[in-house]
Amino acid sequence: MPPVYDVTVFSKEDDREIYHDKVLAIDEDTAIDQVTDALNKKGVSYGVCMAEEI
């Protein structure tokens with residue numbers, strides 16, 4: 001089973017947290033890709049994304 005990553009997404013404008021989720025992924029980059037793909041499909045604009053294995 002792949003590890004769980006805690007992914008946090010921040011606003012492009014003011015660096016406030018706009019999205020937070022826990023996802024299963026093989027690595028940090030894949031976790032971020034999963035979350036940003038979902039946000040892109042919804043048309044959500046975002047800035048910095050961080051993922052940490054938990």
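Calculation notes
- Residues numbered from 1 in each chain as written.
- Predicted model: local features only at pLDDT ≥ 70, side-chain atom pairs only at ≥ 80, totals over all residues.
- Heavy atoms only, no water.
- Core = buried A, V, L, I, M, F, W, Y, C linked by side-chain atoms within 4.5 Å.
- Buried < 20%, exposed > 50% of the residue type's maximum accessible area, 1.4 Å probe, protein only.
- Helix = DSSP H or I, 4+ residues; strand = E, 2+ residues; numbered from the N terminus.
- Contact = heavy atoms within 4.5 Å.
- Pairing = 2+ DSSP bridges.
- Axes fitted to C-alpha atoms, helices over the stretch in contact; angles between N-to-C directions.
- Polar contact = N/O pair within 3.5 Å; in protein donor to acceptor, adjacent residues only side chain to side chain.

What follows deals with the nonpolar core. In terms of nonpolar packing, the biggest core is built from eleven residues, these being Tyr-5, Val-7, Val-9, Val-23, Ala-25, Ala-31, Ile-32, Val-35, Leu-39, Cys-49 and Ala-51. Contributing elements (two or more residues each) for this core: strand 1 (4-10), helix 1 (28-42) and strand 3 (49-53). At four residues, the largest contribution of residues to this core is made by helix 1. Those residues in contact with Val-23 that lie beyond four places of it in its chain are Pro-3, Val-4, Tyr-5, Val-7, Ala-31, Gln-34 and Val-35.

Sheet strands associate in pairs through backbone hydrogen bonding, adopting either a parallel or an antiparallel arrangement. Reading across from one edge, 2-1-3 is the order of the three strands in this open sheet, with antiparallel pairing throughout. A strand with exactly one partner marks an edge of an open sheet, and here the two such strands are strand 2 (17-24) and strand 3. The mean inter-strand angle of the sheet, taken between neighbouring strand axes irrespective of direction, is 20°. As defined by bridge partners, strand 1 adjoins strand 3 across five bridges and the pair is classed as antiparallel.

To continue, consider the side chain of Asp-6. Along the chain, Asp-6 falls in strand 1. Accessibility expressed as a relative area gives 17% for Asp-6, which makes it buried. In terms of polar contacts, Asp-6 uses its side chain to reach the side chain of His-20, at 2.5 Å. Other than its neighbours up to four places away in sequence, Asp-6 contacts His-20, Asp-21, Lys-22, Met-50, Ala-51, Glu-52 and Ile-54.

Our next topic: the environment of Tyr-5. Along the polypeptide, Tyr-5 turns up in strand 1. For Tyr-5, a relative accessible area of 5% translates into the label buried. Here the alpha-carbon distance between Tyr-5 and Ala-51, two residues 46 residues apart in the chain, equals 6.0 Å. With sequence-adjacent residues up to four places away left out, Tyr-5 is seen in contact with Asp-21, Lys-22, Val-23, Ala-25, Ile-26, Asp-27, Glu-28, Ala-31, Ala-51, Glu-52 and Glu-53.

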